[in-house]
Amino acid sequence: MALDAYRITEEPYYSPAGNEVRLFEAAYAVRLPMMLKGPTGCGKTRFIEHMAWRLDRPLVTVSCHEDMTASDLVGRFLLEGDTTVWHDGPLTTAVREGAVCYLDEIVEARQDTTVVIHSLTDDRRILPLEKKKELVKAHPDFQLVISYNPGYQSVLKDLKESTKQRFCAIDFAYPDSAAEAAIIVAEAGVERKVADQLVTIAARSRNLKGHGLEEGASTRMLIHAGKLTGHGVPFGEACQIALVTPITDDPDIRDALASVIRAAV
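Along each chain, the written sequence defines residue order, and numbers are assigned to residues from 1. Local features in a predicted model are, by the rule used here, given only for residues with pLDDT of at least 70; side-chain atom pairs are given and counted only at 80 or more, and totals for whole chains, interfaces and linings are based on all residues. To obtain the side-chain values, all non-hydrogen atoms of the structure were included, while hydrogens and water were left out.

Right, let's talk about the pairing of strand E3 (residues 75–80) for a bit. Pairing of E3 with strand E4 (residues 83–88) involves 6 bridges; the strand directions are antiparallel. When the sheet's bridge partners are listed, glycine 75 is paired in E4 with aspartate 88. Strands pair, by our definition, only if DSSP identifies at least two bridges between them. In DSSP terms, a helix is any run of H or I states spanning at least four residues, a strand is any run of E spanning at least two, and both are numbered starting from the N terminus.

Right, here's the structure in full:
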């Protein structure tokens, strides 16, 4: 199979927070397109990796961005010697081969780009390749999944209603403190005491959302800090480069977070 390299052969660590695994399996059984909603770094990507492994399907991930065009998704003709040859994009490859296609942070893409997915999200399950004059019928195992962070959106940068209403959606949030500490222990390999300290810092930083920070420290960032401490970086320095410096340049906010770190130790 062309997408064997995209198969996840080892079970990705994932700690369910509720019934999201059962809901996703039900949606996949009837091939409904899915939207994963929640703040950055809360576990959406890890969840879809886990589900692709559970369903034994290859996972094609596309990180969306504002310069991405429809051709970047579906493919384009490229010059090879004296001729032009069609090359499928990642979405077309997933449609043909029956993979799960995950469009990460889809709202970052231009709205005229995301329109190309509409015909894949209803009963037609087709992908028109206008430049190639081909209509690709989705493989029976194909599923489309998008991620979406409502907290980042504005009127000028949001999903079209006509796109939103084509998806079922599951809400994600940061895990509760006990679950988040357990994830850090498993992912970063640190002692529970260190994980608890990181969770405490994260909780304080999340309280600053809307008061100088757009988002608090994510679970992903806590894992990064944990991994650094596991490789000999002092706790305070690990927190500084993994939790503080990436999310703010404001000296007052940095001082506030530094105080939180000192208090947590």
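By the secondary structure assignment, arginine 57 is in the loop between helix H2 (44–55) and strand E2 (59–63). Accessible area is worked out with a 1.4 Å probe on protein chains only. A residue is then buried under 20% of its type maximum, exposed over 50%, and partly exposed in between. Classification of arginine 57 by relative accessible area gives buried; the value is 12%. The definition of a polar contact used here is a pair of N or O atoms within 3.5 Å, where within protein one atom must be able to donate a hydrogen and the other to accept one, and adjacent residues in sequence count solely through side-chain atom pairs. At 2.8 Å, the side chain of arginine 57 forms a polar contact with the backbone oxygen of glycine 98.

Here the focus is the packing of helix H8 (residues 192–206) against helix H10 (residues 235–244). Axis lines are fitted through C-alpha atoms, for helices just across the contact stretch, and the angle between N-to-C directions can take any value from 0 to 180 degrees. The geometry of H8 relative to H10 is characterised by a closest axis approach of 12 Å and an angle of 45° between their N-to-C directions. Considered as vectors, H8 and H10 are oriented oblique to each other. Taken as a pair, H8 and H10 cross one another with a handedness that is right-handed. Along its contact with H8, which presents Val194, Gln197, Leu198 and Ile201, the element H10 presents Phe235, Cys239 and Leu243. Tallied by class, residues from the contact of H8 with H10 come to 6 nonpolar, 1 polar and no charged. Angle categories are assigned with fixed cut-offs, so that under 35 degrees is roughly parallel, over 145 is roughly antiparallel, 65 to 115 is roughly perpendicular, and the rest are oblique. Each crossing gets its handedness from the near helix: less than a right angle anticlockwise from the far helix is left-handed, clockwise is right-handed. Only heavy atoms enter the contact rule, under which two residues are in contact if any of them lie within 4.5 Å. Asp, Glu, Lys and Arg are counted as charged, while Ala, Val, Leu, Ile, Met, Phe, Trp, Tyr, Cys and Pro are counted as nonpolar; the rest, among them Gly, fall into the polar class.

Now for the sheet that holds E2. Reading across the sheet, the 5 strands line up as E2-E5-E8-E1-E9 and stay open at both edges, with parallel pairing between neighbours. The open sheet is flanked by E2 and strand E9 (168–171), the only strands paired with a single partner. Mean inter-strand twist for the sheet, computed between neighbouring axes without regard to direction, equals 20°. Judged from the 4 bridges that link them, strand E5 (residues 100–104) and strand E8 (residues 143–148) form a sheet pairing that is parallel. Each bridged residue has a counterpart across the sheet, and for cysteine 101 the counterpart in E8 is leucine 144.

On to the state of the cysteines, then. Any two cysteine sulfur atoms within 2.5 Å of one another count as a disulfide. Applying the stated criterion across every chain, the model contains 0 disulfides. Sulfur of cysteine 64: no disulfide; nearest cysteine sulfur belongs to cysteine 101 and is 8.6 Å away.

Moving on: the nonpolar core. In this description, a nonpolar core means a group of buried Ala, Val, Leu, Ile, Met, Phe, Trp, Tyr and Cys residues linked to one another through side-chain atoms lying within 4.5 Å. With 30 residues, the main nonpolar core has Leu91, Val95, Leu103, Leu127, Phe142 and Leu144 as its most contacted residues. Elements that contribute at least two residues to this core include exactly E2, helix H3 (70–74), helix H4 (90–97), E5, strand E6 (126–129) and E8. If we skip the residues at most four places from it in the chain, leucine 127 touches Val74, Leu91, Thr92, Val95, Val116, Ser119, Leu120, Glu134, Leu135 and Val136. The next biggest cluster of nonpolar side chains, apart from the first, holds 27 residues, and it includes Ala188, Ala202, Leu257 and Ile261.

We define a salt bridge as a contact between a side-chain nitrogen of Lys or Arg and a carboxyl oxygen of Asp or Glu at a distance within 4 Å. Taken as a whole and assessed by the stated rule, the structure comprises 18 salt bridges. When the shortest N-O distance is used, the salt bridge between aspartate 141 and arginine 57 registers 3.6 Å. One end of the pair, aspartate 141, is in the loop between strand E7 (134–137) and E8; the other, arginine 57, is in the loop between H2 and E2, and 84 residues separate them in sequence. Each of Asp88, Arg96, Lys132 and Glu134 takes part in salt bridges that share partners, so that together they form one network.

By the element assignment, glutamate 180 lies in helix H7 (residues 177–188). Its relative accessible area of 1% is what places glutamate 180 among the buried residues. Of the polar contacts made by the side chain of glutamate 180, one reaches the side chain of arginine 206; its length is 2.8 Å. A distance of 2.6 Å separates the side chain of glutamate 180 from the side chain of threonine 219, its partner in a polar contact.

Burial in H4 covers these residues: Leu91, Thr92, Ala94 and Val95. One side of H4 holds all its buried residues, which, seen down the axis, span an arc of 160°. Just downstream of H4 lies glycine 98, where phi reads positive at about 80°. The arc in question is formed by the directions pointing from the helix axis toward the C-beta atoms.

The next point concerns unusual backbone geometry. Residues other than glycine seldom take positive phi values, yet aspartate 56 does so here, at roughly 55°. Following the sequence through the fold, aspartate 56 ends up in the loop between H2 and E2. The phi dihedral of arginine 125 is positive, around 45°, even though this residue is not glycine. Within the element layout of this structure, arginine 125 appears in the loop between helix H5 (111–114) and E6. With relative accessibility at 16%, the residue arginine 125 sits in the buried group.

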